[in-house]
Amino acid sequence: MKKISHTCLRMGNIIKSRSGEKEWVVVEQNDNEVLLAAISSYKKITHKDAQNWNLLEEEDLKHL
């Protein structure tokens, strides 16, 4: 784990808050702000099961 500092964050990056209590995924970013979504739980599934899930595309993320 390293400090973000001047790293350019990209959609899909996972970051951890300073308190270390939660992980966050970068949903969107612009020059002034970063939109984050909290990761509240983890789940392990098989590749076969994952084939039935939906992959969100960039346009879908704007409506969350």
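Above: the structure in question.
Just so we're clear, the structure is a prediction, and the values are computed from it rather than from any experiment.

Looking at this model, I keep getting lost on the overall build of the protein. Mind explaining?
Tallying secondary structure elements over the protein gives 2 helices and 3 strands in all. Starting at the N terminus and ending at the C terminus, the protein contains elements arranged as β-β-β-α-α. For 64 residues, the compact-globule formula gives about 11 Å, and the C-alpha radius of gyration of the protein, at 14 Å, lies well above that figure. Taking the principal axes of the C-alpha coordinates as reference, the protein spans close to 40 × 25 × 15 Å. Residues classed as buried in the protein amount to 11% of the 64 residues present. Counting only contacts in the protein whose residues sit at least 6 apart along the sequence, the fraction spanning at least 24 positions is 10%. Total accessible area computed for the protein in this model is approximately 6500 Å², and 50% of it derives from carbon and sulfur atoms.

Just checking my understanding: could you explain the sheet that holds strand β1 (residues 14-16) for this structure?
Backbone-to-backbone hydrogen bonds join strands into a sheet, with any given pair of strands oriented parallel or antiparallel. Read across the sheet, 3 strands follow the order β1-β2-β3 without closing on themselves; strand pairing throughout is antiparallel. Looking at strand neighbours, the two that pair on one side only are β1 and β3 (34-39), the edges of this open sheet. With strand direction ignored, the average angle separating the axes of adjacent strands in the sheet is 40 degrees. Summarising the sheet, strand β2 (residues 23-29) and β3 pair through 6 bridges and their orientation is antiparallel. Bridging from a neighbouring strand, Trp24 pairs with Ala38 of β3.

Can you walk me through the pattern of salt bridges in this structure?
If the charged atoms of two oppositely charged side chains come close together, the side chains can form a pair. This model, assessed by the stated rule, comprises 1 salt bridge. Across the salt bridge formed by Lys16 and Glu23, the nearest N and O atoms sit 2.5 Å from each other.

How each quantity is defined
- Residues numbered from 1 in each chain as written.
- Predicted model: local features only at pLDDT ≥ 70, side-chain atom pairs only at ≥ 80, totals over all residues.
- Heavy atoms only, no water.
- Helix = DSSP H or I, 4+ residues; strand = E, 2+ residues; numbered from the N terminus.
- Rg over C-alpha atoms; globule rule 2.2 N^0.38 Å.
- Buried < 20%, exposed > 50% of the residue type's maximum accessible area, 1.4 Å probe, protein only.
- Contact = heavy atoms within 4.5 Å.
- Areas by Shrake-Rupley, 256 points an atom, 1.4 Å probe, with all protein chains shown as cover.
- Pairing = 2+ DSSP bridges.
- Axes fitted to C-alpha atoms, helices over the stretch in contact; angles between N-to-C directions.
- Salt bridge = Lys/Arg side-chain N within 4 Å of Asp/Glu carboxyl O.

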